[in-house]
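Listed below are the residues making up each chain.
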Amino acid sequence: MTGAGDPLGKPLARIEDRPLVTGRGRYAADIDFPGQLHMRVVRSPHAHAELLGVDAEAALAVAGVRAVWSAADIAGIPPIDFRADRQVAALKPYRQHVLARDRVRYVGEPVAAVFAETPYIAEDAAELVGLDLEPLPAIVAADAEEGEFAPGLGTEAVLLTHTFGDAASGFARAHAVVSLDLATGRHSGVPMETRGAIGVYDEARDRLALHGAAKVPHRNKETLTRMLGLAPERIHLYESHVGGGFGIRGELYPEDVLVLLAAKRLGSPVKWIEDRQEHLTAANQGREQRHLARLAVDEDGRILALEDEIWHDQGAYLRTHGVSVPNRTMCSLPGLYRVPAFRASCHVRLTNKAPAATYRAPGRFESSFVRERLMDAAADRLGIDRVEIRRRNLIPAADLPCTIAYDEPYAETLALDSGDYELLLQKALDAVGWDDLRADLARRRQAGELVGAGVATFLEESGRGPSDGARIAVDAAGGIEVVTGGASVGQGFETAMAQICAAALGVDYRRVAVVHGQTDRIPYGIGAHAARATVLTGSAVHATALAVREKALAAAAELLQTPAERLAIRDGVVRAGEGGPSIPLGGIVRARGSDALAAEAFYETAQCTFPYGAHIAVVRVDPGTGDVTVERFLIAYDVGRAVNPAMLEGQLVGGCVQGIGGALHEAFVYDAAGQPLAVTLADYKLPTVAEVPAIACLVTEDAPSPRNPLGIKGGGEGGINGVAAAIASAVDEAIGIEGAIDRTPIAPERVRALLRGRTQR
C-alpha cells in the first residue's frame, strides 16, 4: 500500500536536472586528474591503403611528448571483441584492432597515438607523425562487386537469412505483386557531446579506472577484462553526465582501450576528448541499406508473402554489436501485420567507410521504411485507401499474444505480448481529425499547393533480458539509496527509478537517491540500451523496493506491537491507521541497525515487451526548390503503462526530431575514393528548430504488458521508428507521384527531378 501519493504515472519533475540547468554538470571534458597526459590520435587520411610504416621520430622530439605508439607497441592486445556470445567465429576476422595493422580501411582509422603534457602539444606532435601508406582501391557501396578485406578474405562478412512459411507459394497465387528498390541513407546520432575517455591507474591497488564511459558500463567492462587479461576487480568504469546517447555511445572504441593501456604503462592519468571533425569521421555511423523488396497480396490487399534482399553497408569493421542491426532489420520487417510467409536475406558487406553500428531503433527505422513503402505501393496498385489496407492487415487484438518464429536457429523469435493495433491507429486518426485533414489538403492541392499526409505503423521491442538487479537501503535519516547497474544518457533514468522505488516503498520520490554507471558499486547491470532501462532495471527496482517494504512492515509490527496486515507505509512512515501508532522508516533503522532496511533482488525474464505505434506526417513541398517542410507530426504510441508521461513525451519528441533529420537532411556522404564529405556541421545537416514542426504525442496505455509486474513497455525508440516512412508517404501524395520516394534522405534535388519528370510527362 502506497497511499494517495503514488507517484507512478505522474509527470513529476526530474530529480537529476539541477546540476545540468545550473551549469554544474560533469561531463567527460570536465574530469581532470593531477599530472594527467593528453592523447591525440593520428588517423588515416586514406580510405584503403597498405600500412607500410609509422615514423614517430619527429613527434618524439617535441618537448612535452611522453610517448608515441603504433600497433607494434601494443602487439599483444587483441581486436575489440563482440559483446554478444552469439556472434559466430567466422565474423572474428572482421573485428577492428585498437591501432591499424597492415592495412587502413577508412578515413579516420586510428593508426598511432601521441601522449603529451597538454592537448596542444599532443595535437602539434601528431601532425609530425609520418605514415607510409600505399593506396588501394576503395569500396564505397555495399551492393558493388565484392572485394578483398584481407588476403583470402572477401568483403561479404556473412549472408544472413530469416524465413518462415511458403513464400514461393504466396507469390505464385498472388493477385498482385509490388516490387521496390529502396534505400536508407547513412546517418547517426551525432550527440551534442563528442566522445571522451579518461584512463587512471591506481598502482597501490593495481586497479584501472575508465571515466566517461556511458550506456553499457558493465558490458564494456566485461569486454575490457577479456581484452586486457584482467580479473574483474582490477578494472572499473564510471559514468559521468552524458550529452546524448542514441546508440553511438554503446560501443567500446579503440580510444577507450588506448587511454587505459597508456595510464598503466606511462604511470599517469590519460585524457582524450574527441573534436567534432573526428566525431563525424570516426565515430559510429549507421542506417545505410539497400532493399530489393517484394510484397504479394490478394485482391482485397491482404498480404500473402513478403520478400526482401538486403545489402547492409557495415563500413570498415564489425564492431561490438556484430551483426545485430541486419538481424534486427530482418526480424522487424513484418511489423504489426499478419504475414503468412516471409523470406529475407541480408548481405553484410564491408566497405571503406566509418564502421556502422546501432542508432536509435536500429534496424527497425530501416525496416519500417521498407514495409510501409510496400504497403503504400500495394494500396496504389489495387486502388485501396492507404489507411484501409493497413487496417485489413493488422494483427487483431484477439490474436494476441502470438509468436513470429523464424526457421533459422540464430533468428530471434518475436513473442508478441499484448496490444490493440487497430485501436491505436484509429485513435491516431481521430487525434489529427483525419477526414477533415484530408479534405483540407485536397482543397490546398486544388489551389496549387504541394501538400500531403502519410501514415506509418510499427512494432517496437523493449525490455530484453535475461535479468537485472538492484540494491536498496534506507538510512537512519529516512533517505533511500537505490544502486543499479543501469545508466543515464539524459532520458530521466534517475527520476524513473526513483518513482518506481517510491511507489513500491511508500515514500516521496525526492527522498530517493539513484546511483548508476559505477561498476565498483554493483557487479552487474544492463546499462541503458535497446529501451531496456525502464522495463528491466525498473522491474528489478520494483522487486527490491517490495523486499525492503516487507522488511519494514515486519520490523514495525514488532516495534509497534501491531499486526503487520494492519500497517501501511505512507510518506516514509509506517502507520497503523489514522491516529494509530507510527514509526518512520529512519526510526526502524535507528532501532534495528544500518542493515535493517536493506535488500537486493532481481528481475528475470526470457521474453521482451512489444510497444507499438503509428505516425502521421503532414508535409508541404516547395515546387521551386524541392524542399520538404513537415507542417505537422503526430506520434501515437502505446507503452502499456507510463511511469512519467512528461519524460516519455520528451523521449518521443526527441526521437521524432532525429527521425526528421534522417528522413530529410542528415547524410554521411563519401566520394568515389572513400573520402568523407560531411565532416563539419556545415555539411552534416542536423535539423534546427526551423525544420521541426509542432509534434503532438498521443500516449496510450491500452495494453499493459503481462510480462512484468508494472505492465510497462519501453518508450525510448517509439518517436523515431516510423518517421521516414510517414514522411515519404506524405511527399508522394504532395507531389502526386505514386511510389516516388524510394530513398532517404529525401533531398531537394531529388524532389526537383521528380517534379520536372512529372511536368514533362
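Note: the structure precedes this text.
Let me begin by describing the structure that accompanies this report. (Residues numbered from 1 in each chain as written. Predicted model: local features only at pLDDT ≥ 70, side-chain atom pairs only at ≥ 80, totals over all residues. Heavy atoms only, no water.)

**A closer look at the sheet that holds strand S11 (residues 196-202)**
The line we're drawing: The pairing criterion for strands is at least two bridges between them, as found by DSSP. Every helix listed is a DSSP run of H or I at least four residues long, and every strand listed is a run of E at least two residues long, numbered separately from the N terminus. A fitted line through C-alpha atoms serves as each axis, taken over the contacting stretch for helices, and the angle formed by two N-to-C directions is quoted from 0 to 180°.
Strand order across the open sheet formed by 7 strands is S3-S5-S1-S14-S11-S12-S13, with mixed pairing between neighbours. Every interior strand has two partners, whereas the edge strands, strand S3 (65-69) and strand S13 (235-238), have only one. Mean inter-strand twist for the sheet, computed between neighbouring axes without regard to direction, equals 20°. Sheet topology places strand S12 (residues 207-211) next to S13; 4 bridges connect them, and they run parallel.

**Remarks on the pairing of strand S21 (residues 467-474)**
Bridge analysis of S21 against strand S27 (residues 598-604) gives 7 bridges, and the strand direction is antiparallel. Counterpart to Ile472 in the pairing with S27 is Ala599. Where S21 and strand S22 (residues 480-484) come together, 5 bridges link them in antiparallel fashion. Among the inter-strand pairings, Ala470 is bridged to a residue of S22, identified as Thr484.

**Details of the side chain of Thr562**
To keep things clear, this is the line we draw: Only protein chains enter the accessibility calculation, which uses a 1.4 Å probe; a residue is then buried when its area is under 20% of its type maximum, exposed when over 50%, and partly exposed in between. Pairs of residues are marked as contacts when any of their non-hydrogen atoms sit within 4.5 Å.
You can see Thr562 is positioned in the loop between helix H14 (533-560) and strand S24 (568-570). Looking at Thr562, the relative accessible area reads 7%, which means it is buried. Those residues in contact with Thr562 that lie beyond four places of it in its chain are Ala557, Leu567, Ala576 and Pro581.

**Points about helix H5 (residues 217-228)**
For clarity, the cut-off: Given a helix with a known number of residues, its expected span is that number minus one, times 1.5 Å.
Helix length check: H5 (12 residues) gives 16 Å between terminal C-alpha atoms against 16 Å at 1.5 Å per residue, within 8%. In terms of burial, H5 is a largely internal element, 10 of the 12 residues being buried. Regarding H5, the residues found buried are Pro217, His218, Arg219, Asn220, Lys221, Thr223, Leu224, Thr225, Met227 and Leu228. Tucked into the core, H5 has its buried residues touching S12, S13 and helix H6 (254-266). Taken from the residues just after H5, Gly229 is the one with a positive phi, measuring 65°.

**Focus: the sheet that holds strand S28 (residues 612-621)**
Backbone-to-backbone hydrogen bonds pair the strands of a sheet. The strands run either parallel or antiparallel. Across the sheet, 4 strands lie side by side as S20-S28-S29-S30; this open sheet has mixed pairing. Pairing within the sheet leaves two strands with one partner each, and these edge strands are strand S20 (450-459) and strand S30 (694-700). Pairs of neighbouring strands in the sheet enclose a mean axial angle of 15°, with direction left out of account. In this structure, strand S29 (residues 628-638) lies alongside S30, joined through 7 bridges in parallel fashion. Of the residues in S30, the one forming a bridge with Tyr637 is Val699. Sheet contacts for helix H11 (residues 421-432): S20, S28, S29 and S30; angle to S28, the most-contacted strand, approximately 35°. Packing of helix H12 (residues 434-446) onto the sheet brings it into contact with S20, S28 and S29, and relative to S20 it is tilted by some 145°.

**What to know about the nonpolar core**
We count it as follows: Take the buried residues of types Ala, Val, Leu, Ile, Met, Phe, Trp, Tyr and Cys, join any two whose side-chain atoms come within 4.5 Å, and each joined set is a nonpolar core.
Counting residues in hydrophobic clusters, the biggest one holds 123 residues, and the most contacted among them are Phe633 and Ile727. Tallying contributions element by element places helix H17 (residues 723-735) first for this core, with 10 residues. Those residues in contact with Phe633, other than ones at most four positions away along the chain, are His615, Ile616, Ala617, Cys656, Pro693, Ala694, Ile695, Ala696, Val723, Ala726 and Ile727. Ala503, Val535, Val589 and Met647 belong to the second largest nonpolar core, which has 49 residues in total.

**A look at the pattern of salt bridges**
Rule in force here: Any carboxyl oxygen of Asp or Glu within 4 Å of a side-chain nitrogen of Lys or Arg constitutes a salt bridge here.
Inspection of every chain in the model, using the stated rule, returns 59 salt bridges. Here Arg364 makes a salt bridge to Glu460, at a shortest N to O gap of 2.7 Å. With Arg364 in helix H9 (residues 364-382) and Glu460 in the loop between S20 and S21, this pair connects stretches of sequence that are 96 residues apart. According to the relative accessible area criterion, Arg364 is buried, its value standing at 4%. When its relative accessible area of 2% is taken as the criterion, Glu460 is described as buried. It is possible to trace a salt-bridge network through shared partners that takes in Arg40, Arg43, Glu123, Arg195, Glu255, Glu274, Asp275 and Glu278.

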